[in-house]
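# Architecture at a glance
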Amino acid sequence: MKIGVVTFPGTLDDRDAARAVRHAGGEAIALWHNDADLHGVDAVILPGGFSYGDYLRCGAISRFSPVMEPIIKAAQGGMPLLGICNGFQVLAEAHLIPGALTRNHELHFLCHDQKLTIENGNTAWTSSYSQGQEVVIPLKNGEGAYMCDDETLAMLEGEGRIVARYVGENPNGSRNLIAGVTNERGNIVGLMPHPEHAIDSLTGPSADGLGFFTSVLKAMVQ
Amino acid sequence: MSLDTVAIAEANPDAPQPFAELGLKPDEYARIKEILGRRPTSSELAMYSVMWSEHCSYKSSKVHLKQFGDKAVKTDALLVGIGENAGVVDVGQGYAVTFKIESHNHPSFIEPYQGAATGVGGIVRDILTMGARPIAVMDPLRFGPADAADTRRVLPGIVAGVGGYGNCLGLPNIGGEVVFDETYLGNPLVNALCVGVMKHSDIKLAKAAGAGNLVVLYGAKTGGDGIGGVSVLASETFESKGPAKRPAVQVGDPFVEKVLIECSLEIFAEDLVVGIQDLGGAGLSCATSELASGGSGGMKVQLDKVPLRDPSLSPEEILMSESQERMCAIVEPSKVARFLEICEKWDVTVTVIGEVTDGNHLEITWNGELIVDVPPRTVAHDGPVYNRPLAQPAYIDEVAEEVINVPIPSTAAEIRETVLKLAATPNLADKSWVTDQYDRYVQGNSIQSQPDDSGMVRIDENTHLGVAVATDANANWSYLNPYEGAKLALAEAARNIATAGAKPLAVTNCLNFGSPEDPGVMWQFAESVRGLADGCLEMGLPVTGGNVSFYNQTGAVAILPTPVIGVLGVIDDVRTRTPMSFDRAGLDLYLLGETANDLAGSEWAYMHKQRGGVAPIADLQREMRLIELLVAGRTKKIFTAAHDLSQGGLSATLTEMVLRYNTGATVQLDNVGISLLSETPGRVVVAIDPTQTAALTQEAATQKIAVTKIGVTGGDSLIINDAKISLTELRAAHTETFKKLFG
Amino acid sequence: MAKIVVDVMLKPEILDPQGKAVAAALPRLGFTFAKDVRQGKRFEIEVDGEPTAAQLAEVEAAAEKLLSNPVIENFTVRVEK
């Protein structure tokens, strides 16, 4: 099972995402932003970081990279696609999922261990979790406030497309404590916290994040 | 302004030159003329002025820093010593680790965000230049009083700058310090440390060897950043009422540096460079003269080839520019094409600007005209060496007479009040407001970070080999006794490495002092260096490099002497490390080491405005035995937890331990007031499973370290004798301070 | 020489924490004039000669596609001497 991990200039958590893929039992394939070839991968992860230095807007320049063209096409055809943090921002800029990520409401970069509930265990990336399961996964960003208009919000809530929600105090000002969303089909997921940093309790707060990566391997077998 | 060439300088020997405005003294100017046999061109004058400034030439500190080499312990572990961009130590399994700490104090006072950001950028480039992948950063920070208006001006910007730059580079921040003291008002200290890892074969040095090899400048374009920053800022103190020295601050772009790191590592992996130097203080002046003097001896540079962001810059300005994110590599002609290809892949600006020559000339031309022709060693290494006068200041004997007279708690109510006060005081309060702005997870190898005693990073995923780093300083003790203060800081940093069970291996240092022109300050400096050198020799730890920051004073008032000592250690398996605290009931708590009446220089004394007294005398033999005990505690699986005692004494240590994993403790102490408040060095609190009691007793006896049972873990309170403080109340006191101060 | 200016602002319903921070800081410095402050971005685009209608149309398209995020931002385009 091959999972592509994209590196844009300024991407930071690509090697961590690749490590998480390996821990889950998959094969991680490095994809270069300038190379419009997916090299036969079965799924793609857009990792965290500060691609293009967050110039203009986070993810605004990355979304036009050559590698995004085949990714968008494949994702529209059902290929599993996960955007983590900066990756979520790229998905939003590319309109693959609705809404946008804006500056944290307290204006500071915030890194802490965040409690979440997994609210949708039916996506390609969350099938390893049970509905409503509580997990602890690191959150680390400066622009993580999820915004969308009222109509979109109603739709996302109504259709159960909120993948994960923050528990407790709102860490960044996201509407309805939204930490992650999915598209209609459930193959594209955008997530603000970093599951690749919660794959063992040696280097993270828990192993709760591994489920994202085992889920997609199961999905691919099917 | 017409171009001042070598020919014109020869023809107009008496033309007046602004050497004083550039920071050169008349005797230094005369010496330059002697070296060149003529007056310098304005470009040469610019080069000498930056390179001979205190910050670059270490002219006031060299004679003292020699001790680190003279008193150096002979060790095979030291692969690269003082003199290169950073020191390198062997940590086993074919890995070499490089680390260094540097200051960026004055720029951070002027422009907090950019000062701190470029401070991080600079130290990271020093590590990269050694051929290593940077893997972590730490930031010891010192500010004026927490509630001072100027602290509120500089602290948020500095923290945002450290985080903004470090996070964007993808470097986990694994620790640091936040210290408040009147002494730093007007002179905040921003020290930044970086650690990097590589294989032995990857080590790169700053040598321009091989005539005919090419000089290649890559990274950001050159602009007007920090022109004159080095010599103007770092070598002059601030006038209390003077105008802000605004134009000399550098502006950083961490994205460019991140790309520079990845590009450089690919270049290193293909072995494409013969030598490499980053451009930091004094920019091109430094890089060219240092590379040339480190190698074949000479270099030819076409300055007009330097890619510019600002086409209006004069040659002098280009030579002095401190634009960030630039590197200078020496590349064999046969390898240049591949070098350029890799730069293009990463979209990094790259230009061949010259070539290495034999002989003793650094020749720089501007559109064909020779504007610099100097012997490079005279610029980079043979700068002035001062033997500044030193004199023990009168205050030393005066403060030793002071008797500390502070309230010592004894009743339950007094104990409660004291513990809560210490928990909430800014120097000891929870620092999450700061550290939550730093990414501690990126790269996926962080094992320990704030608030643990040391930062720890795994460097091999298979063997779980790891390194630990800690920084410490105690300006209170250094003030009372600079010689002992330096030794005590060294011991504390080494102890902080050892509590997790890692073995201290090497030392770096950032020496922050007032003006070297003040004999009293110079005496403090000399004593601190002597103490550190003696201490390192006794403890068998080589000094791998470091940084000196002078002129930290406002008017005639210098900061308290603040030598920050960084210690790096190694641990064979990070999975076996001893954590800082416990998360279950039923463990026994022991205090390792004896407690004396050491309130002089303590946090409690400081809180009562008493700064005098007699500092403790370091007992490094005992500290080394304690380190052996701590390492044995891990390898023999005796300790469940270990946390060292420092500022705030036992009170702070217990507070931090019970709050870490929300597990209380019940403790019985004799002479409770002194027991809680004293800051006698060489002490650690450990938690053990009762089944390990005999093992602990035996090991402690072997190492001749006193061990005293003080209590047990468990419950939802911290109970000291009759005093009971719920964890809820203690946590509130501990965590509200920074929120109240900084929002 | 003229330039085309694109001003980008967050849509009114989107929370603007930076604008709020500025609004909070002003009175602390003694400035009491502001009822509210919103912060945005300004792009200055240099073209050869006088901007044509065709170029302005292109800038509008570029503003829609790249310079702004239409999900959360509005923009205006004008020529400045």
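See the structure printed just above.
On a predicted model such as this, the values are computed, not experimentally measured, just so you know. (Residues numbered from 1 in each chain as written. Chains lettered and ligands numbered in written order. Predicted model: local features only at pLDDT ≥ 70, side-chain atom pairs only at ≥ 80, totals over all residues. Heavy atoms only, no water.)

Our focus in this paragraph is empty space enclosed by the protein. With the rule as written, the count across this model stands at eight cavities of 30 Å³ or more. Around the largest cavity, the lining residues are Leu12 and Arg15 of chain A together with Arg133, Pro134, Leu169, Gly170, Leu171, Lys258, Ile261, Glu262, Val442 and Gln443 of chain B. Taken together, the elements giving at least two residues each to the lining of the largest cavity come down to strand 4 (133–143) and helix 10 (254–269) of chain B. In terms of residues, the lining of the largest cavity owes the most to one element, helix 10 of chain B, which gives three residues. A breakdown of the residues in the lining of the largest cavity according to their chemical character gives six nonpolar, two polar and four charged. (1 Å grid on protein atoms, 1.4 Å probe; cavity = no way out; pocket = protein on both sides within 12 Å on 5 of 7 lines; lining within 4 Å. Points joined across faces, edges and corners; volume = space filled by probe spheres on them. Helix = DSSP H or I, 4+ residues; strand = E, 2+ residues; numbered from the N terminus. Nonpolar A, V, L, I, M, F, W, Y, C, P; charged D, E, K, R; others polar.)

Chain C puts 15 residues into the contact, and the matching count from chain A is 15 residues. Interface area for chain C against chain A, summed over the two sides, is near 1300 Å², with a carbon-plus-sulfur share of 69%. In this assembly, chain C and chain A are joined by one salt bridge. When the shortest N-O distance is used, the salt bridge between glutamate 73 of chain C and arginine 57 of chain A registers 3.9 Å. Our count for the contact surface shared by chain C and chain A stands at six residue pairs in polar contact (both at pLDDT 80 or more). Contributions of two or more residues to the side of chain C that touches chain A are made by helix 1 (17–28), strand 2 (40–46) and helix 2 (53–67) of chain C. A per-class count over the side of chain C that touches chain A returns nine nonpolar, three polar and three charged. (Contact = heavy atoms within 4.5 Å. Buried area = accessible area lost by both parts, 1.4 Å probe. Salt bridge = Lys/Arg side-chain N within 4 Å of Asp/Glu carboxyl O. Polar contact = N/O pair within 3.5 Å; in protein donor to acceptor, adjacent residues only side chain to side chain.)

With the rule as written, the count across this model stands at 18 aromatic pairs over all chains. For the pair phenylalanine 50 of chain A and phenylalanine 109 of chain A, a centre-to-centre distance of 6.5 Å together with 20° between the ring planes defines the contact as stacked. With phenylalanine 50 of chain A in the loop between strand 3 (43–46) and helix 2 (68–76) and phenylalanine 109 of chain A in the loop between strand 5 (100–102) and strand 6 (110–118), the pair connects residues that are 59 residues apart, well separated along the chain. A relative accessible area of 17% means that phenylalanine 50 of chain A is categorised as buried. A ring pair is formed by tyrosine 52 of chain A and phenylalanine 255 of chain B, whose centres lie 6.0 Å apart and whose planes are at 40°; its orientation type is tilted. Taken as a pair, tyrosine 52 of chain A in the loop between strand 3 and helix 2 and phenylalanine 255 of chain B in helix 10 lie in two separate chains rather than in one. Each member of the pair, tyrosine 52 of chain A together with phenylalanine 255 of chain B, is buried. Ring pairs connect the aromatic residues Phe143, Phe180, Trp433, Phe738 and Phe742 of chain B, which therefore count as one cluster. Of note, arginine 153 of chain B hangs over the ring of phenylalanine 109 of chain B, and the distance from its end group to the ring centre comes to 4.9 Å. Sitting over the ring of tryptophan 32 of chain A, lysine 345 of chain B keeps its end group 4.6 Å from the ring centre. (Phe/Tyr/Trp six-rings, centres within 6.5 Å; stacked < 30°, edge-to-face > 60°. Buried < 20%, exposed > 50% of the residue type's maximum accessible area, 1.4 Å probe, protein only. Lys NZ or Arg CZ within 6 Å of the ring centre and 35° of its normal.)

What follows is about the sheet that holds strand 18 (residues 543–549) of chain B. All names here are of chain B. Reading across the sheet, the six strands line up as 14-15-16-21-17-18 and stay open at both edges, with mixed pairing between neighbours. The sheet is open, and its two borders are formed by strand 14 (446–448) and strand 18, each paired with just one other strand. If you compare each strand with its neighbour and ignore which way they point, the axes differ by 20° on average. Examined bridge by bridge, strand 17 (residues 503–512) and strand 21 (residues 562–571) share nine bridges and lie antiparallel to one another. In the sheet register, asparagine 512 faces strand 21, and the bridge partner there is threonine 562. Against the sheet, helix 19 (residues 482–499) makes contact with strand 16 (466–472), strand 17 and strand 21, and its axis sits at roughly 30° relative to strand 21, the strand it touches most. (Pairing = 2+ DSSP bridges. Axes fitted to C-alpha atoms, helices over the stretch in contact; angles between N-to-C directions.)

So, about helix 10 of chain B. Residues and elements named next belong to chain B. Given a rise of 1.5 Å per residue, 16 residues ought to cover 22 Å, and the 22 Å separating the end C-alpha atoms of helix 10 matches this to within 8%. Its side-chain oxygen placed 3.0 Å from the backbone nitrogen of phenylalanine 255, aspartate 253 serves as the N-cap of helix 10. At the C-terminal side of helix 10, aspartate 271 shows a positive phi close to 55°. (Expected span 1.5 Å × (residues − 1).)

With that settled, consider the interface of chain B and chain A. With 31 residues of chain B at the contact, the number on the chain A side is 27 residues. When the two sides are added together, the surface that chain B and chain A hide from each other amounts to roughly 2400 Å², 58% of it contributed by carbon and sulfur. Counting the surface chain B buries against chain A, the share from its top three residues, Phe255, Asp436 and Tyr441 of chain B, is 28%. For the pair chain B and chain A, the interface holds nine residue pairs in polar contact (both at pLDDT 80 or more). Contributing elements (two or more residues each) for the side of chain B that touches chain A: helix 8 (149–169), helix 10 and strand 14 of chain B.

Residue and element names in this part refer to chain B. Where burial is concerned, most of strand 22 (residues 588–592) is hidden: five out of the five residues are buried. Burial of the side chains of strand 22 extends over both faces: Asp588, Tyr590 and Leu592 are buried on one face and Leu589 and Leu591 on the other. Relative to strand 25 (residues 684–688), strand 22 runs antiparallel, the two being bridged by five bridges. Counted as the bridge partner of tyrosine 590 is valine 686 from strand 25. Relative to strand 26 (residues 707–713), strand 22 is paired through five bridges, and the arrangement is antiparallel. In the strand pairing of strand 26, leucine 589 is matched with glycine 711.

Here we take up a negative patch on the surface. Where like charges cluster on the molecular surface, the negative patch consists of Asp397, Glu398, Glu401 and Glu402 of chain B. Mapping glutamate 402 of chain B onto the fold places it in the loop between helix 15 (395–401) and helix 16 (412–424). (Patch = residues over 30% accessible without salt bridge, like charges linked within 9 Å, V, L, I, M, F, W, Y side chains within 5 Å. Areas by Shrake-Rupley, 256 points an atom, 1.4 Å probe, with all protein chains shown as cover. Lys, Arg positive; Asp, Glu negative; His and termini not counted. Charge placed at Lys NZ, Arg CZ, Asp CG, Glu CD.)

Judged by nonpolar contacts, the single largest core of 71 residues is most densely connected at Leu65, Leu490, Val507, Phe525, Leu592, Phe639 and Val686 of chain B. One finds Ala24, Val44, Leu91 and Ala92 of chain A within the second-largest nonpolar core, a separate group that totals 64 residues. (Core = buried A, V, L, I, M, F, W, Y, C linked by side-chain atoms within 4.5 Å.)

Here we come to the side chain of serine 675 of chain B. As for its position among the elements, serine 675 of chain B is in helix 24 (residues 672–677). A residue is classified by how much of its surface remains accessible, and serine 675 of chain B, at 14% relative accessible area, is buried.

Time to look at the pairing of strand 21 of chain B. All names here are of chain B. Of all 10 residues that make up strand 21, 10 are buried, and the element is covered over most of its length. Along strand 21, one buried face is formed by Thr562, Val564, Gly566, Leu568 and Val570 and the opposite face, lined by Pro563, Ile565, Val567, Gly569 and Ile571, is buried too. Relative to strand 21, strand 16 runs antiparallel, the two sharing seven bridges. Following the sheet pairing, valine 469 is matched in strand 21 by leucine 568.

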